[in-house]
Amino acid sequence: MAGKDLYAVIGVDKNATEQEIRKEYRRKARELHPDVNKAPDAEEKFKELNEAYDVLSDEKKRAQYDRFGTIPGAAGGGAGGPGYVDFDEIFGGGGGFDGFGDVFSSFFSGFGASAGKRVRKEGHDMQIGLRITLEEVATGCKKEVIYERLAPCEDCHGTGMGPNGKEVKCDKCNGTGRVVSVTRTFLGDMQTATTCDACNGTGTKIDNPCPECGGQGRVPDRQRVTVEIPSGIQDGQQLRVSGYGEAGMQGAMAGDLLVTIRIQRHDYYERHGNDLHVSLAVPMVQAALGATLEVDGILEDEVVDVKIPEGTQTGDKIRVKGYGLPKFRGSGRGDMIMHTKVEIPKKLKKKEREILESLAKEMGEETADTRSPLEKLRDAFN
């Protein structure tokens, strides 16, 4: 896409409104989609069209493109840009889903029914995977997710009807949704009932359908929705946003958006339920004599006082109650569990060595002088 005029790719003027860009994109996408257009370059042109729309349909990306003439994210800025949420996966109706390409495939097959099957008018559920940090688990957060779906048509308000349009009984099946055919065999006449191909089993047709959605009442579109994530949520847990899955046909019930939470690995903490486990380095003397150390908590500006018992050893566990993660939709917090690692200094100053040698003598322990001749000479002068 480098060097290409994104407005020209979609076929609109630089001053086009968001609605004009969306309408022209959908019109051109219907022409170029590989399910409809069998030209050798249709798939590549459809991909370019989607990339252009990805920029021009986003206010921040469009402003950057208008100002600098570059495509946001093209130089390592990250897929989706700053306004997007990182997705693990997108599904529609239980199958693999790949952005606008599959949304349009669903749109084109909206009225297509297999032989003997009635068209489903209700929208399918959709699913996305949303990554959040452990800090966001601790506080709860709101995330704006941006995804592609079949959304209610704005021109007809989801009814599928054009100006002066109305729903009428199918004249082929007389409103039954099924057509009975008679086949003569040597055993006699046999009747077979199949789904009406004129109304796809609905029993009704639209007289003067909406030109924007072709009578479906839904169109491929980019959806923005804010998802509220409660504190204490677990990895893999799902949140349901009602009505934001695939829109139903001609005003039928929409599916839901299922948001699967994925929690990023933390550099410092490890989560076990509501407890937070962390490695804590304890200086040798403080481990022997006992001390109180300050460590950062999971919440912003939170400081945790950790009491180090006298004689602490490497591998000991110190539990600090109430400094873990909040309980999901409950009260209270888990605990913070410190896994101690006693630090032994690798280099000692002369005074420090003398103190430790005196302590070893007092405790009846034998020590070895591993200093080199040069180090012994240096210590003597010091």
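Rules used throughout
Residues numbered from 1 in each chain as written. Predicted model: local features only at pLDDT ≥ 70, side-chain atom pairs only at ≥ 80, totals over all residues. Heavy atoms only, no water. Helix = DSSP H or I, 4+ residues; strand = E, 2+ residues; numbered from the N terminus. Contact = heavy atoms within 4.5 Å. Areas by Shrake-Rupley, 256 points an atom, 1.4 Å probe, with all protein chains shown as cover. Disulfide = S-S within 2.5 Å. Buried < 20%, exposed > 50% of the residue type's maximum accessible area, 1.4 Å probe, protein only. UniProt positions renumbered as here; feature names shortened; annotations may be inferred. Core = buried A, V, L, I, M, F, W, Y, C linked by side-chain atoms within 4.5 Å.

Caption draft 1: Fine view of the overall build of the chain. In terms of regular secondary structure, the chain is built from nine helices and 17 strands. By sequence separation, contacts in the chain at least 24 residues apart represent 67% of the contacts at least 6 residues apart. Looking at the chain as shown, the accessible area adds up to about 22,500 Å², and 48% of this sits on carbon and sulfur atoms.

Caption draft 2: Focus on the state of the cysteines. Scanning the model with the defined rule gives zero disulfides in all. The structure places no disulfide on Cys173, whose sulfur is separated from the nearest cysteine sulfur, that of Cys170, by 3.7 Å. The exposure class assigned to Cys173 is buried, which follows from its relative accessible area of 6%. Cysteine Cys199 remains unbridged, with the sulfur of Cys196 as its closest cysteine sulfur at 3.7 Å.

Caption draft 3: View of the UniProt feature "repeat: CXXCXGXG motif" (unreviewed entry) in the chain. Listed under "repeat: CXXCXGXG motif" (unreviewed entry) in the UniProt record, and renumbered for this structure, are residues 153–160, 170–177, 196–203 and 210–217. A helix fraction of 0% and a strand fraction of 0% characterise residues 153–160, whose end C-alpha atoms lie 8 Å from each other.

Caption draft 4: Spotlight on the nonpolar core. Ile229, Leu257, Val259, Ile261 and Val306 are the most contacted members of the largest nonpolar core, which totals 38 residues. Ignoring any residue separated from it by four or fewer positions in sequence, one finds Val259 in contact with Ile128, Leu130, Val227, Gln237, Gln238, Leu239 and Val241. By size, the runner-up hydrophobic cluster in this structure holds 18 residues, among which are Val12, Ala16, Leu32 and Phe46.

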